[in-house]
Amino acid sequence: MAYIGSKCRACKAPAVIDLPQHNAHFCADHFQQLCRRQVAKAIDEFEMIDPDDRVLVAVSGGKDSLAVWDLLVEAGYRADGVYVGLGIGDYSNESEGYARRFAAERRLELITVDLSEEYGYDVPTAATATGRVPCSACGLSKRRLFDRAAVDGGYDVVVTGHNLDDEAAVLLGNTLRWDLDYLSRQLPVLTAVNGFPKKVKPLIRLTERETAAWCLLRNIDYLVEECPIAAGNKHLGYKAALNTLEAGSPGAKAAFYHGFLDRMAPLIDRRSTSTRAAANRCLRCGDPTTTDVCAFCRLVETAAAHEPVPVEMVLPKRRRR
Ligand code: FES
Ligand code: ZN
Ligand code: ZN
């Protein structure tokens, strides 16, 4: 991994990575310093984590969640991990292996929760039973289980590995629909409210190429394969569109997302439609909700009563054999 003839901007040693958005190449050491600085800046700017907070990292076994866990532990934060088994066939089995190995090698605490064992359903079954898009059934389940693990374990803050590419793609989707509700809530920090834990995204200043490079340089083994049932979804299409823009104008992605945070987000009314802030309590679980029974309890009820659906049934058509 070296860019023949290119030199690090900081020390003139042979470079290992080019970062067109910074108009620079970096050696391994200075690239890692840049990653640490970007994470520290995000944490500082948005008051994401206090030094004595107990932190829970939502871990998938992919590059972003393992990179952010590594960066936080290296920076001295007390950070444990939580992994949720979603029942997505081999993909879930492999991703759990990567999460477990990462934690074991570094003697870190990893909490594991299995959807089937705890709630009697998996993501393919939930998607089929409720008619939801698989990623939506998955997201709803993960959010609830992460929140619950944080509250049960007495953690102060939940960290997710969303990076600049993820956030810019979500922003593009919300903007294309002018979805003011979502735009008003698309911030890298959700404060603790109504019994829900604080949630933060320390990787918003790093791209997924940078988190992959971080893992490579730090010898972090991660699951490279993307979720098979997410293939072809709109979010990936928005990422591809932004990558096309970025190739022609390096820095466009960061300018789009951080420009939104700096200049647009403060102008949008903070809407009160967030379920987290709802005044009602779910009749089943007692969590805040805008209806009688919360979306998660309705999903559990429908999915657990459905016969199990194999993952092959929810793969995008072109991936089925
Ligand atoms: Fe949630 Fe793929 S990981 S749908
Ligand atoms: Zn250097
Ligand atoms: Zn409920």
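Refer to the structure above for everything that follows.
Since the model is a prediction, treat every value here as computed from it, not as a measurement.

The protein atoms that coordinate the zinc ion (ligand 3) are Cys282 (SG), Cys285 (SG), Cys294 (SG) and Cys297 (SG), at distances spanning 2.3 Å. Coordination at the zinc ion (ligand 3) comes from four donor atoms whose angles at the metal span 105 to 114°, giving a geometry best classed as tetrahedral. All donor residues of the zinc ion (ligand 3) come from one chain, and their arrangement in sequence is C-x2-C-x8-C-x2-C. The buried category is assigned to Cys297, whose relative accessible area is 13%.

Here we take up unusual backbone geometry. Despite not being glycine, Arg107 shows a phi value in the positive range, around 55°. Looking at the secondary structure, you find Arg107 in the loop between α3 (89-105) and β5 (110-114). Judged by its relative accessible area of 80%, Arg107 falls in the exposed class. Positive phi, close to 45°, is recorded for Trp178, a residue that is not glycine. Its location among the elements puts Trp178 in the loop between α7 (164-176) and α8 (180-185). When its relative accessible area of 62% is taken as the criterion, Trp178 is described as exposed.

Next up on the list: the pattern of salt bridges. With the rule as written, the count across this model stands at 17 salt bridges. Measuring nitrogen to oxygen at the nearest pair gives 3.0 Å for the salt bridge that ties Asp147 to Lys199. With a gap of 52 residues between them, Asp147 in helix α6 (residues 134-153) and Lys199 in strand β8 (residues 198-200) connect regions that are remote in the sequence. Overall, Asp147 belongs to the buried group, its relative accessible area being 7%. Here Glu208 and Lys239 are joined by a salt bridge, their closest N and O atoms 3.0 Å apart. Of this pair, Glu208 sits in helix α9 (residues 208-217) while Lys239 sits in helix α10 (residues 234-248), and the two are 31 residues apart along the sequence.

What counts, and where the lines are drawn
Residues numbered from 1 in each chain as written. Chains lettered and ligands numbered in written order. Predicted model: local features only at pLDDT ≥ 70, side-chain atom pairs only at ≥ 80, totals over all residues. Heavy atoms only, no water. Donors = N, O, S within 2.8 Å, 3.2 Å for Na, K, Ca; no water. Tetrahedral: all angles 85-135°; square planar, octahedral: opposite > 155°, others 65-115°. Buried < 20%, exposed > 50% of the residue type's maximum accessible area, 1.4 Å probe, protein only. Helix = DSSP H or I, 4+ residues; strand = E, 2+ residues; numbered from the N terminus. Salt bridge = Lys/Arg side-chain N within 4 Å of Asp/Glu carboxyl O.

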